[in-house]
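# Report on the structure
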Amino acid sequence: MTTAQTQELDVQPTPLALLLLGREADPRSERGVECPGDLPAPSDPDLVARARAAKEKLGDKVFVLGHHYQRDEVIQFADVTGDSFKLARDAAARPEAEYIVFCGVHFMAESADILTNDEQKVVLPDLAAGCSMADMATAEQVAECWDVLTEAGVAEQVVPVSYMNSSADIKAFTGRHGGTICTSSNAKRALEWAFQQGEKVLFLPDQHLGRNTAVRDMGMSLDDCVVYNPHKPNGGLSAEELRGAKMILWRGHCSVHGRFSLDSVNDVRARIPGVNVLVHPECRHEVVSAADYVGSTEYIIKALEAAPAGSKWAIGTELNLVRRLANRFAPEGKEIVFLDKTVCFCSTMNRIDLPHLVWALESLAEGTLVNRIEVDKETETYAKLALERMLALP
């Protein structure tokens, strides 16, 4: 439909539509889609050389972090690679670096800003690189949820546990209310700690990691879990349901890991006899239950490193990483395939491409600070408190 046709119908584009079209910003998440300069053309054959030259010019002033799910063209310039929390801690361990260029998504850059010192500046090459899961829990929605828990008479029994894949606002809420942060590696330890502090857990924002940890790793039943839907009155739950639950799961999920289904598992077993199915705990409960192995991104990498030659693996996680691992271990005779037949990149993570990285590095090399991610002091204080509780877990 043309602009003239929409005007004739008196149809006005919504802010969301403008955001998706790249013509507007989202003030709630502070993510825009424009750069204050011209991006290099993706077809520029000198992009790699330009990135290398800018990085060399900056020297020790810049430290580039690359998340495992990044494109190969970007991650080749990373000084360190890893999952979100590892990278944030790596940044904090390099106080001499004036600029931290985080090739990841918005919440990861926030975590890096929280953990680094005030003199360091965290840069996200594309401000529109968000996380659909993190965006499924806003500060306003979570505050309303706490009001619902209070009205049901259970708030004093509830300890919030928030996944690392959450905004700084949600981490701060967790810190204010006596809770802790967790990663996919230490979620069980975090929940064990939380249940020593209270009788119930509000798990934010990924329902699947919360459910899988509670049921698969801690022996709870599915009946111990309820799902709080922020788009329904009172979360779609009665006061009785809230009083009877041990795990109050936020209705959020990863758009990548949530795609894998039981059919995906059954199909790959039929196609590849003897295949080992290895999935991330952000996958649905029925997928995790049907898999042979379940673990974090770092767990997946280590499992494949230790796997015998000739073994066959179907991996349920982001496609960039799966392809990289398949290429890495092919010379060792390890067959590694993507769990689903459908291509499944993390679309927001993939917004960090070579043109954006070149633009960011060249801008910094010229003395222009761009796309800085800065968490306000109050939010940082309470978010850091929640992170420190996680670091103190036994």
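This structure is a prediction, so every number in the text was calculated from the model and none was measured. (Residues numbered from 1 in each chain as written. Predicted model: local features only at pLDDT ≥ 70, side-chain atom pairs only at ≥ 80, totals over all residues. Heavy atoms only, no water.)

We now examine the packing of aromatic side chains. This model, assessed by the stated rule, comprises 4 aromatic pairs. Between the aromatic rings of W146 and F173, the centroid separation amounts to 5.6 Å while the plane-to-plane angle is 80°, which identifies the pairing as edge-to-face. Remark: F173 occurs in helix α8 (residues 168–176) and W146 occurs in helix α7 (residues 139–151); sequence separation between them is 27 residues. Owing to a relative accessible area of 8%, F173 belongs among the buried residues under this scheme. (Phe/Tyr/Trp six-rings, centres within 6.5 Å; stacked < 30°, edge-to-face > 60°. Helix = DSSP H or I, 4+ residues; strand = E, 2+ residues; numbered from the N terminus. Buried < 20%, exposed > 50% of the residue type's maximum accessible area, 1.4 Å probe, protein only.)

Moving on, we come to unusual backbone geometry. With an omega of -20°, the peptide bond running from L204 to P205 counts as cis. Mapped onto the secondary structure, P205 falls in the loop between β7 (200–204) and α10 (207–217). Of note in the backbone geometry, N234 takes a positive phi value of approximately 55° without being a glycine. Along the chain, N234 turns up in the loop between β8 (225–228) and α11 (239–244). With phi around 50°, N371 is a residue other than glycine that occupies positive phi space. Topologically, N371 is positioned in the loop between α16 (354–365) and β14 (372–373).

Quick look at the packing of helix α6 (residues 106–115) against helix α17 (residues 377–391) now. Close contact between α6 and α17 brings their axes to 10 Å; oriented N to C, the two are set at 90°. In this view, α6 runs roughly perpendicular relative to α17, as classed from their interaxial angle. Judged by residue contacts, D113, I114 and L115 of α6 engage E380, A383, K384 and L387 from α17. The class makeup of the residues in the contact of α6 with α17 is 4 nonpolar, no polar and 3 charged. (Axes fitted to C-alpha atoms, helices over the stretch in contact; angles between N-to-C directions. Parallel < 35°, antiparallel > 145°, perpendicular 65-115°, else oblique. Contact = heavy atoms within 4.5 Å. Nonpolar A, V, L, I, M, F, W, Y, C, P; charged D, E, K, R; others polar.)

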